[in-house]
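Examining the three-dimensional arrangement
So the chains spell out like this:
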Amino acid sequence: MNAQTIYLIGEIVIFMAIFYFLLILPQQKREKKEKAMIDALKPGDEILTKSGIFGRILNIKDDAITIEVGADKVKLKIAKWSVGKVLNSQSENK
C-alpha cells in the first residue's frame, strides 16, 4: 500500500466517524427519549399529538390510546406513536 491509499482510507474513516456523531447518534438519542415518553403514558395525562390535537388520556390499549378532546368531551382513538408531547402528567397533579 502506498501513502495515497492509506491517506484515502483515513479520510473515509474520519468522514464516517463525523457522520456517525453528527447524524446517527443524536437521532438514536431522540428515538430513545420518545420511546421512554410513550412508555410512561398513563390515563389522566394531558397530551399534544403530533398533528396538534390537545387531549386527556382516558384509556391505553396495546398501540392505541383513547383521548378526550374539547369541551364536548369527544373521544378519539389515536395511535401511540402520534403522541408528540406530554403537557402535564397525572402524577404531577397530585
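For the structure itself, consult the block above.
First, a word on scope: everything that follows refers to the structure included in this document. Computed from a predicted structure; not experimentally measured.

Across the sheet, five strands lie side by side as β4-β3-β2-β1-β5; this open sheet has antiparallel pairing. Strands at the two margins of the open sheet, each flanked by one partner only, are β4 (74–79) and β5 (83–88). Within the sheet, the average angular offset between the axes of one strand and its neighbour, ignoring direction, is 45°. By the bridge criterion, six bridges tie strand β3 (residues 64–69) to β4 in an arrangement that is antiparallel. Pairing of Ala64 across the sheet is with Ala79, part of β4.

Okay, the pairing of strand β1 (residues 46–49) next. Only one face of β1 is covered, namely the one carrying Ile47 and Thr49; the face carrying Glu46 and Leu48 has none of its residues buried. When β1 meets strand β2 (residues 54–61), the two strands line up antiparallel, connected through three bridges. Counted as the bridge partner of Ile47 is Gly55 from β2. Linking β1 back to β2 in an antiparallel pair, the connection comprises four residues, with Gly52 at a positive phi of about 95°. Relative to β5, β1 runs antiparallel, the two sharing four bridges. If you follow Ile47 over to β5, its bridge partner there is Val86.

With that settled, the discussion passes to a nonpolar patch on the surface. On the surface, Leu8, Ile12, Ile14, Phe15, Met16, Ile18, Phe19, Tyr20, Phe21, Leu22, Leu23 and Ile24 cluster together into a nonpolar patch covering about 1,200 Å² of accessible area. Positionally, Ile24 belongs in helix α1 (residues 3–39). Ile24 gets classed as partly exposed once you look at its relative accessible area, which sits at 33%.

In this section: the environment of Ala79. Looking at where Ala79 falls in the secondary structure, it is placed in strand β4. Along the backbone, Ala79 and Ile65 are 14 residues apart, and their C-alpha atoms lie at a distance of 6.0 Å.

Non-glycine residue Asp62 carries a positive phi angle of around 50°. Secondary-structure assignment places Asp62 in the loop between β2 and β3. Assessed through its relative accessible area of 70%, Asp62 is described here as exposed. Although it is not a glycine, Lys73 adopts a positive phi angle of roughly 55°. With respect to the helices and strands, Lys73 occurs in the loop between β3 and β4.

Cut-offs used in this document
- Residues numbered from 1 in each chain as written.
- Predicted model: local features only at pLDDT ≥ 70, side-chain atom pairs only at ≥ 80, totals over all residues.
- Heavy atoms only, no water.
- Pairing = 2+ DSSP bridges.
- Helix = DSSP H or I, 4+ residues; strand = E, 2+ residues; numbered from the N terminus.
- Axes fitted to C-alpha atoms, helices over the stretch in contact; angles between N-to-C directions.
- Buried < 20%, exposed > 50% of the residue type's maximum accessible area, 1.4 Å probe, protein only.
- Patch = residues over 30% accessible without salt bridge, like charges linked within 9 Å, V, L, I, M, F, W, Y side chains within 5 Å.
- Areas by Shrake-Rupley, 256 points an atom, 1.4 Å probe, with all protein chains shown as cover.
- Salt bridge = Lys/Arg side-chain N within 4 Å of Asp/Glu carboxyl O.

The values reported here are purely geometric and, on their own, carry no functional implication.
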